[in-house]
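# Examining the three-dimensional arrangement
Read off the chains here:
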Amino acid sequence: MCGIFGYVGKGQKDVESTIIVGLERLEYRGYDSAGIAIIDDNGNFIIVKRKGRISDLKKALENYNIPPSKIGIGHTRWATHGKVSDENAHPHLDSNNKIAVVHNGIIENYLELKQELIDKGHVFTSETDTEVIAHMIEEYQKYENDYIKSVLYTVKRLKGTFALAILNREYPDMLIGVRKDSPLIIGIGNGEMFLASDIPAILPHTKRIIILDNEEIAILKSDKYQIMDFDGNLKNKQIKEIEWDAQMAEKGPYPHFMLKEIYEQPEVIERNIDKYIRDGEFLLLKDHNLRKLLLNKNRIVIQAAGTSLHAGIVGRYLIEHFAKIPVDTDYSSEFSHRIVDDKTLVMAISQSGETMDTLEGLRLAKKLGLEVLSIVNVVDSSIARESDYVIYINAGPEIGVASTKAYTAQITILLFLALELGYLKGFVDKKTIDYYISEIRKLPYVISSVLYKDTQIQYIAQKFHKHNHFMFLGRGINYPTALEGALKLKEISYIHATGYAAGEMKHGPLALIDENWPVVVINPKTSVYEKTFSNAHEVYTRGGKIISVVSERDEKMKEISQEIIEIPEVDEFLTPIVSIIPLQLLAYHIANLRGCDVDKPRNIAKVITVP
Ligand code: AGP
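Residues numbered from 1 in each chain as written. Predicted model: local features only at pLDDT ≥ 70, side-chain atom pairs only at ≥ 80, totals over all residues. Heavy atoms only, no water.

Bringing helix H13 (residues 430-451) into the picture now. The end-to-end C-alpha separation of H13 is 32 Å, in line with the 32 Å expected for 22 residues at 1.5 Å each. Maximal helix bending in H13 amounts to about 40°, located at Leu-443; proline Pro-444 follows within four positions. (Helix = DSSP H or I, 4+ residues; strand = E, 2+ residues; numbered from the N terminus. Expected span 1.5 Å × (residues − 1). Bend = angle between axes of the 7 residues up to and from the residue.)

Ser-308, Ser-350, Ser-352, Thr-355 and Glu-491 are the nearest of the 15 residues found near the ligand. The side chain of Thr-355 places a nitrogen or oxygen atom 2.4 Å from an oxygen atom of the ligand. At 2.4 Å, a side-chain N or O of Glu-491 approaches an oxygen atom of the ligand. Taking a 2 Å distance to the grid points as the criterion, the majority of the atoms of the ligand fall inside the largest pocket. Listing elements by their share of the shell around the ligand, those giving two or more residues are helix H9 (306-323) and helix H15 (479-493). Here the shell around the ligand is composed, by residue class, of five nonpolar, eight polar and two charged. Looking at which domains feed residues into the shell around the ligand, each of domain 2 (257-446) and domain 3 (453-597) supplies at least three. (Near = heavy atom within 4 Å. Polar contact = N/O pair within 3.5 Å; in protein donor to acceptor, adjacent residues only side chain to side chain. 1 Å grid on protein atoms, 1.4 Å probe; cavity = no way out; pocket = protein on both sides within 12 Å on 5 of 7 lines; lining within 4 Å. Sits in = over half its atoms within 2 Å of the grid points. Nonpolar A, V, L, I, M, F, W, Y, C, P; charged D, E, K, R; others polar. Domains from an automatic or database assignment.)

Before going further, it helps to spend a moment on the sheet that holds strand E1 (residues 3-8). Read across the sheet, eight strands follow the order E3-E2-E4-E1-E10-E9-E11-E14 without closing on themselves; strand pairing throughout is antiparallel. If you trace the sheet from one side to the other, it starts and ends with strand E3 (45-51) and strand E14 (240-241), each paired once. Running over the sheet, helix H1 (residues 15-24) touches E1, strand E2 (33-40), strand E4 (69-77) and strand E10 (193-196) and is turned about 25° from E4. With respect to the sheet, helix H2 (residues 54-61) is in contact with E2, E3 and E4, its orientation differing from that of E3 by roughly 135°. (Pairing = 2+ DSSP bridges. Contact = heavy atoms within 4.5 Å. Axes fitted to C-alpha atoms, helices over the stretch in contact; angles between N-to-C directions.)

In helix packing, the relevant descriptors are the interaxial angle and the interaxial distance, both defined with respect to the helix axes. Where helix H14 (residues 454-464) contacts helix H18 (residues 575-593), the two axes come as close as 9 Å, and the packing angle between them is 50°. Judged by the angle between their axes, H14 and H18 are oblique. The handedness of the crossing between H14 and H18 is right-handed. On the side of H14, the interface is formed by Asp-454, Ile-457, Gln-458, Ile-460, Ala-461 and Gln-462, while H18 contributes Pro-582, Leu-585, Leu-586, His-589, Ile-590 and Leu-593. Here the contact of H14 with H18 is composed, by residue class, of eight nonpolar, three polar and one charged. (Parallel < 35°, antiparallel > 145°, perpendicular 65-115°, else oblique. Left-handed = near helix turned anticlockwise from the far one by under 90°.)

The next subject is the nonpolar core. Membership of the largest hydrophobic core comes to 110 residues, with the highest contact counts inside it found for Leu-318, Met-347, Ile-440 and Phe-470. Per-domain counts for this core show at least three residues from each of domain 2 (257-446) and domain 3 (453-597). Once residues within four sequence positions are removed from consideration, Met-347 is found in contact with Ile-300, Val-301, Ile-302, Gln-303, Ile-319, Leu-373, Ile-375, Leu-414 and Leu-417. In this structure, Tyr-7, Ile-36, Phe-194 and Ile-199 belong to the second largest nonpolar core, which totals 36 residues. (Core = buried A, V, L, I, M, F, W, Y, C linked by side-chain atoms within 4.5 Å. Buried < 20%, exposed > 50% of the residue type's maximum accessible area, 1.4 Å probe, protein only.)

Right, let's talk about the sheet that holds strand E20 (residues 372-376) for a bit. If you trace the five strands from one edge of the open sheet to the other, you get E18-E17-E19-E20-E21, paired in parallel fashion. Across the chains shown, the open sheet's two edge strands, defined by having one partner strand only, are strand E18 (327-331) and strand E21 (389-392). This sheet shows a mean twist of 20° between the axes of neighbouring strands, independent of strand direction. Relative to strand E19 (residues 344-350), strand E17 (residues 299-304) runs parallel, the two being bridged by six bridges. The residue bridging Arg-299 from the neighbouring strand is Thr-344, located in E19. H9 contacts E17, E18 and E19 of the sheet and is inclined by roughly 175° relative to E18.

It is worth spelling out the pattern of salt bridges at this point. Summed over all chains, the structure comprises 35 salt bridges. Note that Arg-25 is salt-bridged to Glu-250, the shortest N-O span being 2.6 Å. Of this pair, Arg-25 sits in the loop between H1 and E2 while Glu-250 sits in the loop between E14 and helix H6 (257-263), and the two are 225 residues apart along the sequence. The buried category is assigned to Arg-25, whose relative accessible area is 12%. Here the salt bridges share partners, and the residues they tie into one network are Asp-213, Glu-216, Lys-235, Lys-237 and Arg-385. (Salt bridge = Lys/Arg side-chain N within 4 Å of Asp/Glu carboxyl O.)

With that settled, consider the packing of H13 against H18. Where H13 contacts H18, the axes come no closer than 10 Å and their chain directions differ by 25°. On the basis of the axis angle, H13 is roughly parallel to H18. Read as a crossing pair, H13 and H18 show a hand that is right-handed. Contacts from Leu-443, Val-446, Ile-447, Val-450 and Leu-451 in H13 reach Ile-577, Val-578, Ile-581, Pro-582 and Leu-585 in H18. When its residues are assigned to classes, the contact of H13 with H18 shows ten nonpolar, no polar and no charged.

Structure (structure tokens):
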């Protein structure tokens, strides 16, 4: 986590505001503190850093008159080592205030390196792991008198994960970027270069990027760049054109990215239909090797985190139903405890493609000699690049910390995959494929009609937003909908919310229920409708306040519900894509009414790049 940004130009841009705007676009990665370092045209550092949001940094900057400058770096922090404070905010400096470093990641051996540097007389001013980097470069420079070599020696001694942007007052035209495991992207402009943790920060300036690979260093000057490995060998890297446009990463008329992204869902599904369905066929498995791989496996393990895991659990129901392959799902952070053999396909699902737990799961599978198929949003992200096969979900940039459009896009892809695989294996006939394609094509309209219920959902939020506990219940393919509905609510509103398999209530959690518990029951018309109804009735009998998500004209559920949100009736296997929409909106409005920062909930960040 943490976002880093760097800029070097020729004076054509205001460095301070360029960095601040870049950081604002990375703020979803962490918002405990923020800071910038700029070298002015006289070779002096201007360092400003503050605990709190980028808005606090901006306020602090109002008291500074920053002289003309051409180069600078910035950071937005999600604290790992050292409490949230001005001192621990990045950038961090060496003893002589000559070198400034911003860092995303964790230096695992920093205590031992710090001691070594203290013994050599270095004085530290923060509790962070990052500060050792500036001091170590300084230390090597004393003996080497070669700045780049000093950086190379330093990074080779660091254990852990790191993306760095480094400035040195003795080299006021040079910006250095380093990558090991944490993402770092170079933007190539016209007489200017950018460094950033993620594409949206670079989008307003250029669409030409280079993605640094692990153990690479970029030496950037305003109109040239060099990339080398940690041994100093020069590397030839390909420049890529980004497909996303700058507008995709803007809030537009919406008050929050989350709301914008909820409303983008019909468009994202349409995009995936256009891309992956043609002439009555699904196109995901056109690659002969991927097809062969899938047809040869007799088990799939899906490993993912958070919302992506919930999509994976929906995928489990879909793949088992249509393709008849047993599927296990696991938190990536627990995946290392599972048994996998060469008949198992490991699947990684990730919006960002940078989640460290999922990346580690992928690497473990590769180490065991297994091939990995990933379902990813961010093109060329680490998970995408390290997988043997990737299917992109084409959701566009997702900035709100709460994942919404990526979730429905992931399920859409898993549905396509399950149907295509089922067809290839002979379990699904052409007529069934035709039926599902025609039902899938209706999805964008169906979702739009659910979005139309926003005002009703806002009213429900108004009625329930003061409750401090919620329960979400679902069964079968909507069990993961309950998990996801609860996750959405808890992460942005700080309300204690639990998602349960409806049938499990009677085995314990029912004891919690009294008239103070709102219970959201997801029960559209499916094969488990009656069973879910009975479970809901058990809650109703104990006084629980039921808010139900049901298919249109459901009189039975209406009788036991305080509030009812109707969704159009769709095929059972499409229901998770539709039934989550009202729950995303409910969480959004409740969080808003409670005064929470919807796009940037406390304590967490969008991309979790620490294990
Ligand atoms: C979802 O709303 C989350 N903020 C979080 O659980 C997220 O889904 C998880 O961290 C996985 O991220 P990824 O999809 O980018 O790998």
